[in-house]
Amino acid sequence: MGKKFLILLMPLLLLFTIAEAEDSMSMALENLSLDEALELVKRDNLELKISKFNEEIKRYEAEIAKGHSFGKFDVTVKDAYSNDAGNVFGFKLKSREATFGDFGAEEFMNNMGAAQNGDMAAAGRMYKDPPNRLNNPKSRNHFQTTFNYMVPLYTGGKLEQYRKITKSLELMSRLDTKKLLNEKIFQVKKTFYDISLVDDYISNLTTIISNIDRLAEIVASMKEEGYAREIDKLEVEARKSEVVSMLSQAHFNKKLAYQYLSFLLNQDVKSIQPVSDIPPIPNIVKEEIQESNLDIQKAKLGLKIRDMSIKVQEANLLPTVGAMAEYGSSDDTPLNKFFDKDFYTIGVQAKWNIFDGNINKNNLEKAKVEYLKTQEQVNLAKKGIYLKVKKTLTQIESKEADISSLEKQLEFANKVYETYQEEYKEGLKSISDVLIKQSKALEVLLKLLTAKNDRNVKVFELKSIINEGETI
């Protein structure tokens, strides 16, 4: 009885196990670290996956271009059945079976014999009557197996350049993927720091609400003693309502940031490990930037492709030579006496354009101009990227100066607020004065967090520009 019960229970246990596994797979990620997030974005980001597929496509295109140099080998099997006089005679000829009888030799000899015996009508038939066996043959099968090989011998270097161009385009696609990876890493880091700063902002707002609650208690106490008015209470309540609204907006922004992080990682992220460190400024060396920057690498690669395009256009002015070889056998039954009835054909073809209205010549000149244009684009990219680096460094320095100043301003604003709160208790300041100073402290806090965020964004942008070597 117990074994039967276990057998009946097994499907339910299996379903429960599968459900548990699905639930664990769909669980949101909690306490996610930045390093873990960076590994996830490399592995699961949808845009990066699409870019990797593009790399695969370009790799196969390069293999296709390479394959053209090896020529083309085909095998063709034909099966035909016909009573057409031309076809049947051709079938026999292909099968090496044609005889004089196919030309009416038997009818000719019979008429000749009759004519020699004095039948003058037979002499006329000998020259005038068409051979019946040739013109009205019996239906015949025809099986032919043919092997064909065609190969380019000389193309003026065109095929070689096509191979190089497609290989370079494959490399270009890898550079595109690497640039996209840098962008996604930048976005993940920025989002982590955004969430961490929002958490800091939420913590400060929560503290401010606690301070307002204490201030409300002071106002209530002073009102009982006749030192505060109803308007003071209303001002405090209005101020709290304003800060609560700001806190609600901060939570909403945090939710949006988590949604975006989940999109980047292609995973549901519930919580992260806050990052409190300040991202350091990377070391900048002009020569290294010009070697490592992806835009400059792409521009240089584009210049090489332009040079290859010139060689392709030059090849159009040169002759092309190709060779072909054909081998096969024919019979009225498949593969019968294959080597007794085989045949072969070999040949070489040369082609050289003499006149095309200067189309090829003008295409060559166009390719040369495009090369010169791309050369200047490479120079522009080098100078433009370094200018962007210097500008970003200056912006970082500016933000760091702002942060230093705002931290001092915030410290001062908080002390002023605390002082005004104490003076309100003594009746030296109005509640409006206290709340104004609190607003000032909050304003400085917002500017400080914004400056920190701007500074971090510029550092991440700089790291993306210099391409620190992240790979998938």
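Everything discussed here concerns the structure shown above.
The structure presented is a predicted model; accordingly, all values stated were derived computationally and were not measured. (Residues numbered from 1 in each chain as written. Predicted model: local features only at pLDDT ≥ 70, side-chain atom pairs only at ≥ 80, totals over all residues. Heavy atoms only, no water.)

## Some thoughts on the packing of helix 2 (residues 34–44) against helix 3 (residues 46–67)
Logical step 1: It is at 6 Å that the axes of helix 2 and helix 3 come closest, and there the two elements cross at 45°. On the basis of their axis angle, the class for helix 2 and helix 3 is oblique. Counting all contacts with helix 2, which are made through V41, K42, R43 and D44, the residues of helix 3 involved are L46, L48 and K49.
Logical step 2: Split into classes, the residues belonging to the contact of helix 2 with helix 3 amount to three nonpolar, no polar and four charged. (Axes fitted to C-alpha atoms, helices over the stretch in contact; angles between N-to-C directions. Helix = DSSP H or I, 4+ residues; strand = E, 2+ residues; numbered from the N terminus. Parallel < 35°, antiparallel > 145°, perpendicular 65-115°, else oblique. Contact = heavy atoms within 4.5 Å. Nonpolar A, V, L, I, M, F, W, Y, C, P; charged D, E, K, R; others polar.)

## Looking at the packing of aromatic side chains
Logical step 1: Going through the model one piece at a time under the given rule, you end up with six aromatic pairs.
Logical step 2: Note that R59 overlies the ring of Y60, its terminal NZ or CZ placed 4.6 Å from the centroid.
Logical step 3: Residue placement shows K286 over the ring face of Y386; its charged tip is 5.0 Å from the ring centre. (Phe/Tyr/Trp six-rings, centres within 6.5 Å; stacked < 30°, edge-to-face > 60°. Lys NZ or Arg CZ within 6 Å of the ring centre and 35° of its normal.)

## Let's talk about the nonpolar core
The nonpolar side chains of soluble globular proteins are, as a tendency, buried together.
Logical step 1: By size, the foremost hydrophobic cluster in this structure holds 34 residues, and its most contacted members are Y201, L205, L215, Y424, I431 and L442.
Logical step 2: The set of elements that each furnish at least two residues to this core consists of helix 8 (158–224), helix 9 (230–265), helix 12 (359–425) and helix 13 (431–466).
Logical step 3: For this core, the leading source of residues is helix 8, giving 12 residues.
Logical step 4: Look past the residues within four positions of I431 in its chain and what remains in contact with it is L215, V219, D232, E235, V236 and Y424.
Logical step 5: Core analysis: the next-biggest nonpolar cluster, separate from the first, contains 25 residues, L34, F192, I195 and A257 among them. (Core = buried A, V, L, I, M, F, W, Y, C linked by side-chain atoms within 4.5 Å. Buried < 20%, exposed > 50% of the residue type's maximum accessible area, 1.4 Å probe, protein only.)

## As for the sheet that holds strand 1 (residues 72–82)
Strand pairing in a sheet relies on backbone hydrogen bonds. The paired strands run either parallel or antiparallel.
Logical step 1: Ordered in space as 1-2-3-4, the four strands form an open sheet in which the pairing is antiparallel. The open sheet has two edge strands with one neighbour each: strand 1 and strand 4 (342–351). Averaged over all adjacent pairs, the angle separating strand axes in this sheet is 20°, with direction ignored.
Logical step 2: Bridge analysis of strand 1 against strand 2 (residues 140–154) gives 11 bridges, and the strand direction is antiparallel. From the neighbouring strand, T76 faces strand 2, where its bridge partner is T146.
Logical step 3: Packing of helix 4 (residues 85–94) onto the sheet brings it into contact with strand 1, strand 2, strand 3 (320–331) and strand 4, and relative to strand 2 it is tilted by some 65°. (Pairing = 2+ DSSP bridges.)

## So, the layout of surface pockets
Logical step 1: Its volume calculated, the largest pocket comes out at about 280 Å³.
Logical step 2: Along the wall of the largest pocket there are 13 residues; nearest its centre are K179, K388, E461, S464 and I465.
Logical step 3: Contributing elements (two or more residues each) for the lining of the largest pocket: helix 8, helix 11 (294–315), helix 12 and helix 13.
Logical step 4: With five residues, helix 8 is the single largest residue contributor to the lining of the largest pocket.
Logical step 5: Among the residues forming the lining of the largest pocket, the class breakdown is four nonpolar, four polar and five charged. (1 Å grid on protein atoms, 1.4 Å probe; cavity = no way out; pocket = protein on both sides within 12 Å on 5 of 7 lines; lining within 4 Å. Points joined across faces, edges and corners; volume = space filled by probe spheres on them.)

## Focus on the pattern of salt bridges
One side chain can pair with another of opposite charge once the charged atoms of both are near each other.
Logical step 1: For the coordinates displayed, the defined rule picks out 30 salt bridges.
Logical step 2: A salt bridge links D232 to R229; its shortest N-O distance comes to 3.8 Å.
Logical step 3: Taking the relative accessible area as the measure of exposure, D232 reaches 6% and is therefore buried. (Salt bridge = Lys/Arg side-chain N within 4 Å of Asp/Glu carboxyl O.)

## So, the side chain of Q438
Logical step 1: Mapped onto the secondary structure, Q438 falls in helix 13.
Logical step 2: By relative accessible area, which is 3% here, Q438 ends up buried.
Logical step 3: Of note is the side chain of Q438, whose polar atom sits 3.3 Å from the side chain of Y417.
Logical step 4: Among all residues touching Q438, those that are not within four sequence positions of it are I208, N211, I212, R239 and Y417. (Polar contact = N/O pair within 3.5 Å; in protein donor to acceptor, adjacent residues only side chain to side chain.)

## Here's the deal with unusual backbone geometry
Logical step 1: Here N31, not a glycine, exhibits a phi torsion of approximately 55°, which is positive.
Logical step 2: Mapping N31 onto the fold places it in the loop between helix 1 (2–26) and helix 2.
Logical step 3: Its identity as a non-glycine residue notwithstanding, N358 has a phi of 65°, on the positive side.
Logical step 4: Relative to the assigned elements, N358 resides in the loop between strand 4 and helix 12.

## Let's talk about the environment of A37
Logical step 1: As for its position among the elements, A37 is in helix 2.
Logical step 2: Among all residues touching A37, those that are not within four sequence positions of it are L32, V188, F192 and L265.

## A look at the pairing of strand 3
Logical step 1: Of the pairings in the sheet, the one linking strand 2 to strand 3 comprises 11 bridges and is antiparallel in character. Bridging from a neighbouring strand, V151 pairs with A323 of strand 3.
Logical step 2: Where strand 3 and strand 4 come together, 10 bridges link them in antiparallel fashion. Residue pairing across strands places T320 opposite K351, the latter belonging to strand 4.

## Some words on the environment of Y201
Logical step 1: As for its position among the elements, Y201 is in helix 8.
Logical step 2: For Y201, a relative accessible area of 13% gives the class buried.
Logical step 3: In the structure, Y201 is positioned 171 residues away from L372 in sequence and 53 Å away in space, judged by C-alpha atoms.
Logical step 4: Those residues in contact with Y201 that lie beyond four places of it in its chain are M246, A250, L442, L445, L446 and L449.

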